[in-house]
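Given next are the chains, with one letter for each unit.
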Amino acid sequence: MTATDAHDGGDGPDAVGPSGVRAGPPADGTANPAAAPAAATLDDLDALVVGCRACPRLVAWREEVAVVKRAAFRDETYWARPVPGFGDPSAAVLVVGLAPAAHGANRTGRMFTGDRSGDFLFAAMHRTGFASQALSVRRDDGLTLTGIRVTAPVRCAPPANAPTPQERRTCGPFLAREIELVDPGVLVVLGGFGWQAVLATLAEQGWDVPRPRPVFGHGVEVRLRRSSRPPTGTVGGGRDELVLVGCFHVSQQNTFTGRLTPGMLDDVLVRARDLVGEHFVRQAEKA
């Protein structure tokens, strides 16, 4: 299945307030992480995500950035809201990053869109057959992803690109429900923060996460099995086996210094695709 870029969270037309910040859904108390487990579809989940105002520090920062702006984007209207996941809703590979960039996804409203990190990531996805094009500039640029989806454990742009542990925990139910609904076979985790967030989320979902928890590293693979099944009637979460693959984050700090090269990222994505194939072969053999 292929997801288009037109999906922007399902929250209706983008009204623009006097400050130039897009107005989100009313803060009626329903759009918060605690409601995430009840989301029946990704559209339902995305509507909760974009309306969330649970973390005062993050709300203040994302909206301040949208008013002050970077000079290069002074004529643009920033998204300035939490950013939902993007890509194939039935993706076998889920890429998990850190958080939206202040002048990237916080501006464009789409994960990894509008900054150098996203350019690096989507170019690799295009080379490895997951993305329809190498560039990701804005939500209506025509980019589609097939077999892969991108998301983050924290949905708002944080000051200094550093969310707090409490902000990660507060936002955690969004990632947990997205994993259940998408039901991927492989999680490609970008960086140590995302790695720890994913392991914590999976442990909460009943996956057998070893103690001590596996250490992050580029190319590290961890196979997990689920010890407890989701409640009867739960949508998503059907797999009983999952593979985590570690990858250095696509931040400029890593890509400009050569710590993460295009070839290294390509290798991780190709490996993820191969692991998905291995999973389906094993499932067929069990049947």
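All figures in this text were calculated on a predicted structure; none of them were measured in a lab.

Asker: What's the story with the overall build of the chain in this structure? I'm lost.
Answerer: Counting secondary structure elements, the chain contains 8 helices and 10 strands. Buried positions account for 54% of the 287 residues belonging to the chain. Across the chain, every contact between residues at least 6 apart in sequence was considered, and the portion connecting residues at least 24 apart equals 70%.

Asker: Would you take a moment to explain the pairing of strand E10 (residues 241-247) for this structure?
Answerer: In the case of a regular strand, side chains alternate between the two sheet surfaces. Burial runs high along E10: 7 of the 7 residues are buried. Covered by surrounding structure in E10 are Glu241, Val243, Val245 and Cys247 together with Leu242, Leu244 and Gly246, the residues of both alternating faces. In this structure, strand E8 (residues 186-190) lies alongside E10, joined through 5 bridges in parallel fashion. In the sheet register, valine 188 faces E10, and the bridge partner there is valine 245. As paired elements, strand E9 (residues 221-225) and E10 share 5 bridges and run antiparallel to each other. Paired with glutamate 221 across the strands is valine 245, a residue of E10.

Asker: Looking at this model, I keep getting lost on the environment of aspartate 119. Mind explaining?
Answerer: The residue aspartate 119 is located in helix H4 (residues 116-127) in this model. C-alpha separation for the pair aspartate 119 and valine 137, spaced 18 residues apart in sequence, amounts to 8.3 Å. Residue contacts for aspartate 119: discarding those within four places in its chain leaves Ala134 and Ser136.

Asker: What's the story with helix H5 (residues 165-182) in this structure? I'm lost.
Answerer: Three or four residues apart is the spacing at which side chains of an α-helix point the same way, because the helix has 3.6 residues per turn. With 18 residues, H5 extends 25 Å between its outermost C-alpha atoms, agreeing within 8% with the 26 Å of an ideal straight helix rising 1.5 Å per residue. Where H5 bends most, the angle comes to about 45 degrees, and this point is cysteine 171, followed within four residues by the proline proline 173. By the criterion of burial, H5 is predominantly enclosed, with 13 of the 18 residues buried. Positioned one or two residues after H5, aspartate 183 has a phi angle of 60 degrees, which is positive.

Asker: Explain unusual backbone geometry to me, please; I cannot follow it from the model alone.
Answerer: Phi is mostly negative for residues that are not glycine, and the peptide bonds are mostly trans. The step from arginine 211 to proline 212 runs through a cis peptide bond, and the omega angle for that step is -5 degrees. Looking at where proline 212 falls in the secondary structure, it is placed in the loop between helix H6 (191-204) and E9. Phi at phenylalanine 112 takes a positive value of approximately 55 degrees, unusual for a residue other than glycine. With respect to the helices and strands, phenylalanine 112 occurs in the loop between helix H3 (105-108) and H4.

Asker: Looking at this model, I keep getting lost on the side chain of asparagine 106. Mind explaining?
Answerer: Residue placement: asparagine 106 occurs in helix H3. Asparagine 106 has contacts with Arg62, Val65, Tyr78, Trp79, Ala80, Arg81, Pro100, Ala101 and Ala157, leaving out every residue within four places of it along the chain.

Asker: Before we go on, may I ask you to explain helix H1 (residues 42-50) in this structure?
Answerer: Of all the positions in H1, only Leu42, Leu45, Asp46, Leu48, Val49 and Val50 are classed as buried. Structurally, H1 contributes buried residues whose contacts are with strand E7 (148-151) and H5.

Asker: Whenever I open this one, the pairing of E8 confuses me. Can you help?
Answerer: With 5 of 5 residues buried, E8 lies mostly within the body of the structure. Residues Val186, Val188 and Leu190 point to one face of E8 and Leu187 and Val189 to the other, with burial holding for every one of them. Taken together, the 4 bridges between strand E5 (residues 93-96) and E8 define a ladder with parallel strand orientation. Across the sheet, residue leucine 94 finds its bridge partner in E8, namely leucine 187.

Criteria and cut-off values
Residues numbered from 1 in each chain as written. Predicted model: local features only at pLDDT ≥ 70, side-chain atom pairs only at ≥ 80, totals over all residues. Heavy atoms only, no water. Helix = DSSP H or I, 4+ residues; strand = E, 2+ residues; numbered from the N terminus. Buried < 20%, exposed > 50% of the residue type's maximum accessible area, 1.4 Å probe, protein only. Contact = heavy atoms within 4.5 Å. Pairing = 2+ DSSP bridges. Expected span 1.5 Å × (residues − 1). Bend = angle between axes of the 7 residues up to and from the residue.

Purely spatial values, then, with no claim about function.
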